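Here is what each chain is made of, one letter per residue.
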Amino acid sequence: MSAKRLRVVVATGNPGKLREFKDALSRLELDLLGLGDVGLTRLPEETGASYEENALLKAGFVALRTKLPALGDDSGLEVDALGGRPGVFSARYGGDGLSDGERMAHLLDEMKDVPRKGRGATFRCVVVLATPGGEVARFEGETRGEVTWGPRGDNGFGYDPVFASAELGKTFAEATLAEKRSVSHRGRALQAFLDWARSPIGKRTMEVMEPRREEI
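Here is what the cut-offs are and how they apply
- Residues numbered from 1 in each chain as written.
- Predicted model: local features only at pLDDT ≥ 70, side-chain atom pairs only at ≥ 80, totals over all residues.
- Heavy atoms only, no water.
- Phe/Tyr/Trp six-rings, centres within 6.5 Å; stacked < 30°, edge-to-face > 60°.
- Buried < 20%, exposed > 50% of the residue type's maximum accessible area, 1.4 Å probe, protein only.
- Helix = DSSP H or I, 4+ residues; strand = E, 2+ residues; numbered from the N terminus.
- Expected span 1.5 Å × (residues − 1).
- Axes fitted to C-alpha atoms, helices over the stretch in contact; angles between N-to-C directions.
- Parallel < 35°, antiparallel > 145°, perpendicular 65-115°, else oblique.
- Contact = heavy atoms within 4.5 Å.
- Nonpolar A, V, L, I, M, F, W, Y, C, P; charged D, E, K, R; others polar.
- Pairing = 2+ DSSP bridges.
- Left-handed = near helix turned anticlockwise from the far one by under 90°.
- Polar contact = N/O pair within 3.5 Å; in protein donor to acceptor, adjacent residues only side chain to side chain.

1. Structural notes on the packing of aromatic side chains
Link 1 in the chain: Per the counting criterion, the structure on display carries six aromatic pairs.
Link 2 in the chain: Taking the centre distance of 5.2 Å and the plane angle of 50° together, the rings of F163 and F172 count as tilted. Grouping residues by exposure puts F163 and F172 together as buried.
Link 3 in the chain: Counting every residue linked through ring pairs, the aromatic cluster contains F123, F163 and F172.

2. Quick notes on helix α5 (residues 185-198)
Link 1 in the chain: With 14 residues, α5 should reach 20 Å at 1.5 Å per residue; the first-to-last C-alpha distance of 20 Å fits that figure.
Link 2 in the chain: All of the buried residues along α5 are H185, R186, G187, A189, L190, F193, L194, W196 and A197.

3. Section: the packing of α5 against helix α6 (residues 200-209)
Link 1 in the chain: One can describe the packing of α5 onto α6 by two numbers: an axis separation of 4 Å at closest approach and a directional angle of 80°. Put simply, α5 runs roughly perpendicular to α6. Touching F193, W196, A197 and R198 of α5 are P200, I201, G202, K203, T205 and M206, all from α6.
Link 2 in the chain: Class assignment of the residues belonging to the contact of α5 with α6 gives a composition of six nonpolar, two polar and two charged.

4. Quick notes on the side chain of T148
Link 1 in the chain: On the secondary structure map, T148 appears in the loop between β5 (136-147) and β6 (163-165).
Link 2 in the chain: Relative accessible area serves as the criterion here: at 4%, T148 is assigned to the buried category.
Link 3 in the chain: Apart from residues lying up to four places away in sequence, T148 is in contact with L108, R119, P161, V162, A164 and T171.

5. Topic: the pairing of β5
Link 1 in the chain: Where strand β4 (residues 120-130) and β5 come together, 11 bridges link them in antiparallel fashion. Counted as the bridge partner of A130 is V136 from β5.
Link 2 in the chain: Linking β4 back to β5 in an antiparallel pair, the connection comprises five residues, with G134 at a positive phi of about 100°.

6. Examining the sheet that holds strand β2 (residues 30-33)
Link 1 in the chain: Spatially, the six strands line up as an open sheet ordered β2-β1-β3-β4-β5-β6, and their pairing is mixed. The open sheet has two edge strands, β2 and β6, and neither has a second partner. Mean inter-strand twist for the sheet, computed between neighbouring axes without regard to direction, equals 35°.
Link 2 in the chain: Relative to the sheet, helix α1 (residues 15-24) contacts β1 (6-10), β2, β3 (70-79) and β4, its axis offset from that of β3 by approximately 115°.

7. Considerations on unusual backbone geometry
Link 1 in the chain: In this structure, the amide linkage connecting R85 to the following residue, P86, adopts the cis form with an omega of 0°.
Link 2 in the chain: If you trace the backbone, P86 turns up in the loop between β3 and α3 (100-110).
Link 3 in the chain: Even without glycine at this site, K67 takes up a positive phi of about 60°.
Link 4 in the chain: Along the polypeptide, K67 turns up in the loop between α2 (51-66) and β3.

8. Observations concerning the packing of α1 against α5
Link 1 in the chain: Where α1 contacts α5, the axes come no closer than 10 Å and their chain directions differ by 40°. In terms of orientation, α1 lies oblique with respect to α5. In the packing of α1 onto α5, the handedness of the crossing is right-handed. For the pair α1 and α5, the contacting residues are K17, E20, F21 and A24 in the first and R186, L190 and L194 in the second.

9. Overview of α1
Link 1 in the chain: The set of residues buried in α1 consists of G16, K17, L18, E20, F21 and A24.
Link 2 in the chain: Taking the backbone nitrogen of G16 as reference, a side-chain oxygen 2.8 Å away marks N14 as the first, capping residue of α1.

None of this, on its own, says anything about what the molecule does.
Here it is in structure tokens:
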């Protein structure tokens, strides 16, 4: 790879996600850009039936419009007692237009009669790299924990205040960014991307992307 850093757009309008991407991938020679950095104000509607489909929708959309490689992700909280809900609908659970707090309240209301032993849950994430030339690579991660009785902590976003990590013994909203990255679903998916990017095939793929860069 040349000395000039490769620009990659993170296909998210969520500043918390962008911060996690930058933190997790800080060891790579990348300039990670947000949507605002490339003049985009919207992403396509998440109409996919899986995390991978939604991640590819976002990454592919951004790559085609910016002529830069893009990283998109989709994730969800799968609650055992709810048969895996909200899952792929996590960002829209309870209805469109709800705030994070309102979605958490909706989830907790559904869980109000579930005892602790039945409050287990899995967070899953799929990260997709898409290039303007049509190359696609997929990475995934997951982590186990349980749904708490109420929000705890002020960090993170989404369902972080009500997801207690089995490995950390605290909610993701109570954890530092480094603690969360070490065990979270997104942290593990991004670690898989980082490992791939450092591998021979990943390095070759990243090198091929460089001539396609255009000044924004």
